[in-house]
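Take a look at the letters that make up each chain.
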Amino acid sequence: MRYPFLLILAVYIAIANATELTFELPDNEKQCFYEDLEQGAKFDIDFQVIAGGNYDVDCFVTDPLNNVLYQERKKQYDSFSHTTTMKGVYKVCFSNEFSTFSHKTVYLDFRTGEDDRLMPDMNKVTALTQMESACLSIHEILKVVSDSQTWYRLREAQDRIRAEDLNERVHFWSIGETVILFLVCIGQVLMLKSFFSEKKANVSTST
């Protein structure tokens, strides 16, 4: 495989009903993911193409009656939030059918439900103590740090793939230049040799 650190990574993270995965989407193919949700459940989707072609993909989301809730074409990244109006299986699909030779690597973050309260016994009416306020502040900052780390990991993976592609092209270009250089050297040696052979033949004829 070309990118073993990304292909079929399928890393599932069970934190606050969230699923994160990175998958390969071959050319001329479509891949769908299904989630059974209750009525009134909120879900959030974030996706980003981190490798392949022009870094774009088609994405659409449908409800249990196959009504389109979200549809975008040739997007590099996007986000979508929705609150379900019925119980059933919701479908998220990514399509690379418009591409004839470029494989894509796509990152998907699917979150459902609300985050659990840091302090379940906390009453919104009562004032927070200094310790509770500090805990909530730290909790929010850690969520921002976690999101930032995810973003930096995606950028690092994207930049690494671009660097490997560039390195591969430079490698093959160097091999091509080396082959051409050897061919030119051999051609020059043969040409010089032919000059001396013709001169020697002319000297022999004149004598």
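Residues numbered from 1 in each chain as written. Predicted model: local features only at pLDDT ≥ 70, side-chain atom pairs only at ≥ 80, totals over all residues. Heavy atoms only, no water.

Trainee: I'd like a description of the sheet that holds strand β4 (residues 57–62), backed by residues and values.
Mentor: The sheet built from 4 strands is open, its strands ordered β2-β7-β4-β5 with antiparallel pairing. Sheet topology places β2 (30–37) and β5 (68–75) at the edges, where each strand pairs with a single neighbour. Along the sheet, successive strands turn relative to each other by an average axial angle of 10°, direction set aside. The pairing of β2 with strand β7 (residues 88–95) spans 8 bridges and is classified as antiparallel. (Pairing = 2+ DSSP bridges. Helix = DSSP H or I, 4+ residues; strand = E, 2+ residues; numbered from the N terminus. Axes fitted to C-alpha atoms, helices over the stretch in contact; angles between N-to-C directions.)

Trainee: I'd like a description of the state of the cysteines, backed by residues and values.
Mentor: Put plainly, two cysteines are in a disulfide when a covalent bond ties their sulfur atoms together. This model, assessed by the stated rule, comprises 1 disulfide. Two residues, C32 and C93, share a disulfide whose sulfurs are 1.9 Å apart. Across the S-S bond of C32 and C93 the torsion is about 110°, and the bridge reads as right-handed. Of this pair, C32 sits in strand β2 while C93 sits in strand β7, and the two are 61 residues apart along the sequence. For C32, a relative accessible area of 22% translates into the label partly exposed. This cysteine, C59, is not joined by any disulfide, and C93 carries the nearest cysteine sulfur, 8.2 Å off. (Disulfide = S-S within 2.5 Å. Buried < 20%, exposed > 50% of the residue type's maximum accessible area, 1.4 Å probe, protein only.)

Trainee: Hey, could you go over the pairing of β7 for me, with residue numbers and the actual values?
Mentor: In terms of residue burial, β7 counts as a mostly covered element, since 6 of its 8 residues are buried. Of the pairings in the sheet, the one linking β4 to β7 comprises 5 bridges and is antiparallel in character. Residue pairing across strands places D58 opposite S95, the latter belonging to β7.

Trainee: Provide a residue-level description of the nonpolar core, including the pertinent values.
Mentor: Within the largest apolar cluster, 20 residues are counted, with the highest numbers of intra-cluster contacts made by F23, F43, I45, F47, V61, F94 and L108. Among the elements of the structure, β1 (18–25), β3 (42–51), β4, β7 and β8 (104–112) are those that each provide at least two residues to this core. Ranked by residues supplied to this core, first place goes to β3 with 4 residues. (Core = buried A, V, L, I, M, F, W, Y, C linked by side-chain atoms within 4.5 Å.)

Trainee: Give me unusual backbone geometry: which residues, what numbers.
Mentor: When glycine is set aside, most residues are seen to have a negative phi, and most peptide bonds are trans. If you check the backbone angles, N28 has positive phi at about 60° while not being a glycine. Tracing the chain through its elements places N28 in the loop between β1 and β2. One non-glycine residue, K74, lies in the positive phi region at around 55°. Relative to the assigned elements, K74 resides in strand β5.

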